[in-house]
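# Architecture and fold: a report
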Amino acid sequence: MSAEGRLSGRGQQYPISAQATIHAREFRFQPLQGQLLTYSLLTEGTAELNVARTGIEINRMGMTLESQGKAAGTLTLAGTWPIASSKQGGAITVVTKDLDTAPLVDLFGVFPGREHGPLPVSANVAIAEDPASGSLTVRGQEILGPIRVARKGEDGRPNEATLRIEHDLSRHNDEIRVTVLTVTADHPGGRSDRVTASGMVKIAGRPSAQLRGDIASLDAAWYAALFSGPEPTPQSVTNQTNPLALLTNLDAELSIGSVSYGTLMIGSGRLIAKGTGERLEAKLEPTGIASGRVDAIVTLAQQDSHAQLTWSGKGQGMSVETIMQAVEPGQEARLKGTGSFITSGNGLLNEDPFGKHLSGIFNFNIADGQFMRAPLLQFLAKYTHIREIEQMGFQGLQGQVRLENEWIHADSLTVTGPTASLEGNVSVSPDRTVDGQIFVKIGPSLAKKIQIPCMSALLKTPDGFTALPVAVRIKGYTENPTFGADTAAWNYAKGGITSLAHTMKNLLRGCREDPSEESAK
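Starting from 1, residues in each chain are numbered consecutively following that chain's sequence as written. Thresholds applied to this predicted model are a pLDDT of at least 70 for local features of residues and 80 or more for the giving and counting of side-chain atom pairs; totals over whole chains, interfaces and linings are not thresholded and use all residues. Calculated side-chain values reflect all of the structure's heavy atoms, with hydrogen atoms and water omitted.

### Observations concerning the overall build of the protein
Heads up, the rule is: Secondary structure is summarised from DSSP: a helix means a run of H or I of at least four residues, a strand means a run of E of at least two, and numbering begins at the N terminus for each. Summary of the burial criterion: residues with accessible area below 20% of their type's maximum are buried, those above 50% are exposed, and those between are partly exposed, where the area comes from a 1.4 Å probe applied to protein chains only. Contacts are assigned to residue pairs with any non-hydrogen atoms lying within 4.5 Å of each other. Every accessible area reported is derived by Shrake-Rupley at a probe size of 1.4 Å, with residue values counting cover from the shown protein chains alone.
In terms of helices and strands, the protein carries six helices and 29 strands. The buried share among the 521 residues of the protein stands at 40%. A separation threshold of at least 6 residues defines the contact pool for the protein, and within that pool the share at least 24 residues apart is 49%. About 28,500 Å² of surface is accessible on the protein, with carbon and sulfur atoms providing 54% of the total.

### Some words on the pairing of strand 21 (residues 358-371)
Our working definition: Strands qualify as paired when DSSP identifies two bridges or more between them.
The pairing of strand 20 (residues 335-348) with strand 21 spans twelve bridges and is classified as antiparallel. The partner of K336 across the bridge, within strand 21, is Q370. With eleven bridges joining them, strand 21 and strand 22 (residues 393-404) adopt antiparallel strand pairing. When the bridges of strand 22 are listed, I361 appears paired with R402.

### Notes on the pairing of strand 4 (residues 55-67)
The pairing of strand 4 with strand 5 (residues 70-82) spans ten bridges and is classified as antiparallel. The partner of M63 across the bridge, within strand 5, is L75. Hairpin connection between strand 4 and strand 5: a loop of two residues separates the two successive antiparallel strands, and Q68 in this loop has a positive phi of roughly 55°.

### So, a nonpolar patch on the surface
How we decide: Residues enter a patch when their relative accessible area is above 30% and they make no salt bridge; the linking distance is 9 Å between like charges and 5 Å between nonpolar side chains (Val, Leu, Ile, Met, Phe, Trp, Tyr). Salt bridges are identified by distance alone: a Lys or Arg side-chain nitrogen within 4 Å of an Asp or Glu carboxyl oxygen.
Side chains of L104, F108 and V110 sit close together on the surface and give an oily, nonpolar patch of about 250 Å² of accessible area. When you line up the elements, V110 lands in the loop between helix 1 (102-108) and strand 7 (120-130).

### Describing helix 4 (residues 320-327)
Because an α-helix completes one turn every 3.6 residues, residues spaced three or four positions apart along the sequence face the same direction. So the rule is basically this: The arc in question is the one spanned by the directions pointing from the helix axis to the C-beta atoms.
All of the buried residues in helix 4 are V320, T322 and A326. Seen from one end, helix 4 has its buried residues packed into an arc of 160°, which puts them on one side. Buried positions along helix 4 lie against strand 14 (259-261), strand 15 (264-266), strand 19 (306-319), strand 20 and strand 21.

### Regarding unusual backbone geometry
The omega angle of the peptide bond from G145 to P146 is 15°, so this bond is cis rather than trans. By the element assignment, P146 lies in strand 8 (residues 135-149). Positioned with a positive phi, D368 is a non-glycine residue whose angle comes to about 50°. Note on placement: D368 falls in strand 21. With a phi angle near 75°, E406 is a residue other than glycine that sits in the positive phi range. Take E406: it is sitting in the loop between strand 22 and strand 23 (407-416).

### Side note on the confidence of the model for the protein
Quick reminder of the rule: A score between 0 and 100, pLDDT records how confident the predictor is in each residue.
Across the protein, the average pLDDT comes to 81, with 79% of residues at or above 70. Under a pLDDT of 50 for its full length, residues 236-242 has, in the predicted model, eight contacts with residues more than four places off or in other chains. Across residues 507-521, confidence stays below pLDDT 50; counting only partners more than four residues off in sequence or on other chains, it has 37 contacts.

### Considering the nonpolar core
The criterion, for reference: In plain words, nonpolar cores are sets of buried Ala, Val, Leu, Ile, Met, Phe, Trp, Tyr and Cys residues tied together by side-chain atoms within 4.5 Å.
One finds F371, L377 and I442 to be the most contacted residues of the largest nonpolar core, which totals 45 residues. With six residues, the top contributor of residues to this core is helix 5 (residues 375-384). Formed by 19 residues, the second largest nonpolar core is a distinct cluster that contains F111, A185, Y223 and L226.

### So, the environment of V426
When you line up the elements, V426 lands in strand 24 (residues 420-428). Classification of V426 as buried rests on a relative accessible area of 17%. The spacing of V426 and H409 is 17 residues in sequence and 6.1 Å in space, taken between C-alpha atoms. Sequence-distant contacts of V426, that is, excluding residues within four places in its chain, are made with I408, H409, A410, L413, V434, D435, G436, I438 and I474.

### Re the pattern of salt bridges
In the structure shown here, the tally under the stated rule is 20 salt bridges. For the salt bridge of R473 with D486, the shortest nitrogen-to-oxygen distance reads 3.3 Å. With R473 in strand 27 (residues 466-477) and D486 in strand 28 (residues 480-486), this residue pair connects regions lying 13 residues apart in the sequence. Three or more residues joined by partner-sharing salt bridges are found here, namely D435, R473, K475 and D486.

### Things to note about the packing of aromatic side chains
To keep it simple, the criterion reads: Between the rings of Phe, Tyr and Trp (Trp by its six-membered ring), a pair exists once the centres lie within 6.5 Å; its type follows the angle of the planes, with under 30 degrees stacked, over 60 edge-to-face, and the other angles tilted. Only lysine NZ and arginine CZ atoms are considered, and such an atom sits over a ring when it is within 6 Å of the ring centre and within 35 degrees of the ring normal.
Counted under the stated rule, the structure contains seven aromatic pairs. With a centroid separation of 5.0 Å and 50° between ring planes, the pair formed by F371 and F394 is classed as tilted. On the criterion of sequence distance, the pair formed by F371 in strand 21 and F394 in strand 22 is long-range, its members being 23 residues apart. There is no split in this pair, since F371 and F394 are both buried. Both rings, one in F379 and one in F483, keep their centres 6.4 Å apart while their planes meet at 25°; by these two values the pair is stacked. Note that F379 is positioned in helix 5 and F483 in strand 28, a separation of 104 residues in sequence. Grouping residues by exposure puts F379 and F483 together as buried. Site record: aromatic cluster; members linked through ring pairs are F341, F362 and F364. Positioned above the aromatic ring of F465, the side-chain terminus of K441 is 5.9 Å from the ring centre.

In structure tokens form, the structure reads like this:
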């Protein structure tokens, strides 16, 4: 590194000024153990110590950077900044133009879902300190990007956006005030995002916060991809800070205009959170989700040394197809229909494993639907030689899901429709193994098409349906379940189907069907 410059002065009562040109062939920065960043830079400017020797006056000090032999933007400093106690304070302006922050962003993993490449930042930020009021203010604008995420857009085009941030932030003694914070994003060929926020956070004594926010529009899927790494790191909640320590005095309100996640649309609506010392209540007022409406209440309360979580909520008129496409983007929905639900439950947040201390119920109903991609019905269609079953429509699908001691129990599952009706239950263990059985009745219009062994065991029911002599047994793991025909299942029939169990067992006597036949998903 080399430097050229001039230093001059005429006594202690006069300013001392310095002019310098610094050539740095290699500037090395090692923020983390084993990590090294290398920049080349050229710095030109003047700096002057004021008469009182309390501040440095910087007269447009400019830096031109290179990284790996390529231009990496410019950075300019100008203004006066105190170096000792002063009643006058100071202010400095930081301006960047196409400053490539990619090495730093990648090093610290700020945007794990970002595609590798330059990340230019252009900014104009004023930083001011006022000793009289004890305030420090940061006001300005930044432009980041374009930022491209690894996930492609729905139309297959590169998925990118340019973020624009405007802010007026200040710290007054023990308070951080957000006068205005606005984040907008331009998506080529898509809608623009806009989120605004304001409020106050108290950081000393007993922490508290008053926040107001407004989401005019937001592409949530893009930000989920930007902040999601390829391999999420599992985290334990044991011995972590009690969340109530941060939320106990929260007063927040968020207005929701329009939020998209793929084809799933959320809004309009409102989320309100209020802390009352030892208790926090978050309330989602009736909000549009997937063409329906959802409202819910979640509370956190201190109970001895535990953080007690309780929730309740309901939804109606939601498009199941849209929700399925959001869960499995890029794939055909497994089923469609109009869904509703009611749920409630409770748990302990600061206990590990979390699922062992969580219990709740989820009652759901899907009306006027159709199965589009269901492995169970694919097996059933092949087994009975009735291909109409594979994508059968239904009038209703109901059930109750229970969470209990890390188990998931889906009880009283029923499907009613003209093609077939199904009834049964499924359980999922903590290690994700599945055990379930589904009893099947074929509708009157298709009963003659049934072609399965043990034909003598077909049983007509009072509603004109034909009950199959076997149940579908579900085994394996949630990621890859297997399906098989099981005649012994009638010995353990539950629910409304039990009225047929005795007659069916008599009909099955002498049946030589091999119950071990299975078909993988």
